[in-house]
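A structural walkthrough
Here's the letter readout for the chains.
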Amino acid sequence: MASSSPDTHTRALPTAWTAQENLENIAEALNALETYNKKDASKVVVRFKAVGNAPIMRQNFYKITASNRFQAVIQFLRRELGWKAGDPLFTYINLAFSPAPDDTVSNLYKSFSTDGHLIVNYSTTAAWG
């Protein structure tokens, strides 16, 4: 039997590994990353609604930067209500679900806005599952 040595066979690299295409993919990825990292300066109208025995705020509507994480909304709400970090606070979007603190306000607004604003319900006790 004749053994074939690796030197006698030529192997072609997949097109994804070629230098030119690789550079184009890197440039496209860098552009996408740059776009993603840009802060969205636009504002979103957030409407706060008390649930259960939570105190009602005097002002319900606030403009919040769209690129903020939902954690910033929770911290803002705590400041407005005068609550400490250890005081219980439960937040919900449209009386339906509790968003993750790392969700962006922009994504929540795009997905769940009602009448041009994002409704955030808040409570001192767990109101829904």
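See the structure above.
I will try to describe carefully the structure that is included in this document. All values derive from a computational prediction rather than experimental measurement.

Grouped together as the largest cluster of nonpolar side chains are 22 residues, with contacts concentrated most on Phe48, Leu118 and Tyr122. Counting residues per element, the ones that place at least two in this core are strand S1 (43-50), strand S2 (61-65), helix H2 (70-81), helix H3 (105-112) and strand S4 (118-123). Per element, the largest residue contribution to this core is six residues, and it comes from H2.

What follows concerns H3. Along H3, the positions that sit buried rather than exposed are Val105, Ser106 and Leu108. Buried residues in H3, looked at end-on, bunch into an arc of 165°, giving them a common side. More than 90 degrees from the buried face of H3, the exposed residues found are Lys110 and Ser111. The secondary structure elements touched by the buried residues of H3 are S1, S2, H2, strand S3 (90-93) and S4.

Turning our eyes to something else, we now look at a nonpolar patch on the surface. Judged by side-chain polarity, Ile26, Leu30 and Leu33 come together as a nonpolar surface patch covering roughly 280 Å² of accessible area. Along the chain, the position of Leu33 falls in helix H1 (residues 19-37).

The next thing to look at is the environment of Pro101. Structurally, Pro101 can be placed in the loop between S3 and H3. Through-space distance from the C-alpha of Pro101 to that of Phe70 is 4.9 Å; in sequence the pair is 31 residues apart.

Our next topic: H2. A turn of α-helix holds 3.6 residues, and therefore any two residues three or four places apart point the same way. Taking 1.5 Å per residue, 12 residues should reach 16 Å; H2 reaches 17 Å between its end C-alpha atoms and fits that length. Residues Phe70, Val73, Ile74, Phe76, Leu77, Arg78 and Leu81 constitute the buried set of H2. Considering only its buried residues, H2 is in contact with S1, S2, S3, H3 and S4.

Reading the values: rules and limits
- Residues numbered from 1 in each chain as written.
- Predicted model: local features only at pLDDT ≥ 70, side-chain atom pairs only at ≥ 80, totals over all residues.
- Heavy atoms only, no water.
- Core = buried A, V, L, I, M, F, W, Y, C linked by side-chain atoms within 4.5 Å.
- Buried < 20%, exposed > 50% of the residue type's maximum accessible area, 1.4 Å probe, protein only.
- Helix = DSSP H or I, 4+ residues; strand = E, 2+ residues; numbered from the N terminus.
- Arc of directions from axis to C-beta.
- Contact = heavy atoms within 4.5 Å.
- Patch = residues over 30% accessible without salt bridge, like charges linked within 9 Å, V, L, I, M, F, W, Y side chains within 5 Å.
- Areas by Shrake-Rupley, 256 points an atom, 1.4 Å probe, with all protein chains shown as cover.
- Salt bridge = Lys/Arg side-chain N within 4 Å of Asp/Glu carboxyl O.
- Expected span 1.5 Å × (residues − 1).

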